[in-house]
Amino acid sequence: MTQTLPTVAEYKAALDHHVDMGDLDINQAVILLTVFVNHTRGKNTHVKACMDRTGLNWKAINAKLNGLVMRGAIKKHPDHWYGL
């Protein structure tokens, strides 16, 4: 069974809703959108791309990424890569 992904606009709207509801902070939403867009292009996302987009330092970005992994929102791959 093939799963149909939402469009980037639909995914961003859902993230915006979760930010408005307080379920996610802005940086988490930026990370999730970055990972999603790269996934739609057939790529994984490196931690440095997330750092560039959010402006977070190494310690802060790892805390955000680990939290999202623990919530099941993204998956961690070897060597600081993340995907869906």
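What counts, and at which threshold
- Residues numbered from 1 in each chain as written.
- Predicted model: local features only at pLDDT ≥ 70, side-chain atom pairs only at ≥ 80, totals over all residues.
- Heavy atoms only, no water.
- Axes fitted to C-alpha atoms, helices over the stretch in contact; angles between N-to-C directions.
- Helix = DSSP H or I, 4+ residues; strand = E, 2+ residues; numbered from the N terminus.
- Parallel < 35°, antiparallel > 145°, perpendicular 65-115°, else oblique.
- Left-handed = near helix turned anticlockwise from the far one by under 90°.
- Contact = heavy atoms within 4.5 Å.
- Nonpolar A, V, L, I, M, F, W, Y, C, P; charged D, E, K, R; others polar.
- Buried < 20%, exposed > 50% of the residue type's maximum accessible area, 1.4 Å probe, protein only.
- Salt bridge = Lys/Arg side-chain N within 4 Å of Asp/Glu carboxyl O.
- Core = buried A, V, L, I, M, F, W, Y, C linked by side-chain atoms within 4.5 Å.

**Q** Any chance you could break down the packing of helix α2 (residues 26–40) against helix α4 (residues 58–70) for me, citing the residues and the numbers?
**A** It is at 10 Å that the axes of α2 and α4 come closest, and there the two elements cross at 70°. The angle between the axes of α2 and α4 places the two elements in the roughly perpendicular class. Where α2 crosses over α4, the handedness of that crossing is right-handed. Contact residues: α2 offers N27, Q28, I31 and L32, while α4 offers I61, K64, L65 and L68. Looking at the contact of α2 with α4, its residues break down into 5 nonpolar, 2 polar and 1 charged.

**Q** I'd like to hear about the environment of L68, residue by residue, with values.
**A** Looking at where L68 falls in the secondary structure, it is placed in helix α4. A residue is classified by how much of its surface remains accessible, and L68, at 0% relative accessible area, is buried. Separated by 44 residues in the primary sequence, L68 and L24 place their C-alpha atoms 9.8 Å from one another. Setting aside residues no more than four positions away along its own chain, L68 makes contact with L24, Q28, I31, L32, A73 and I74.

**Q** So, the pattern of salt bridges: which residues are in play, and what are the values?
**A** Across all of its chains, the model carries 2 salt bridges by this definition. When the shortest N-O distance is used, the salt bridge between D16 and K12 registers 2.9 Å. One end of the pair is D16 and the other is K12, both in helix α1 (residues 8–21) and 4 residues apart, which spans about a single turn. D16 gets classed as partly exposed once you look at its relative accessible area, which sits at 34%. One salt bridge in this structure joins D25 and K64, with 2.3 Å as the shortest N-O distance.

**Q** Would you mind going over the nonpolar core in detail, with residue names and values included?
**A** By size, the foremost hydrophobic cluster in this structure holds 17 residues, and its most contacted members are I31, L32, I61, L65 and I74. If you list the elements that add at least two residues to this core, you get α1, α2, α3 (47–54) and α4. Considering every element that reaches this core, the biggest residue donor is α2, with 5 residues. Not counting chain neighbours up to four residues away, the residues in contact with I31 comprise C50, T54, I61, K64, L65 and L68.

Purely spatial values, then, with no claim about function.
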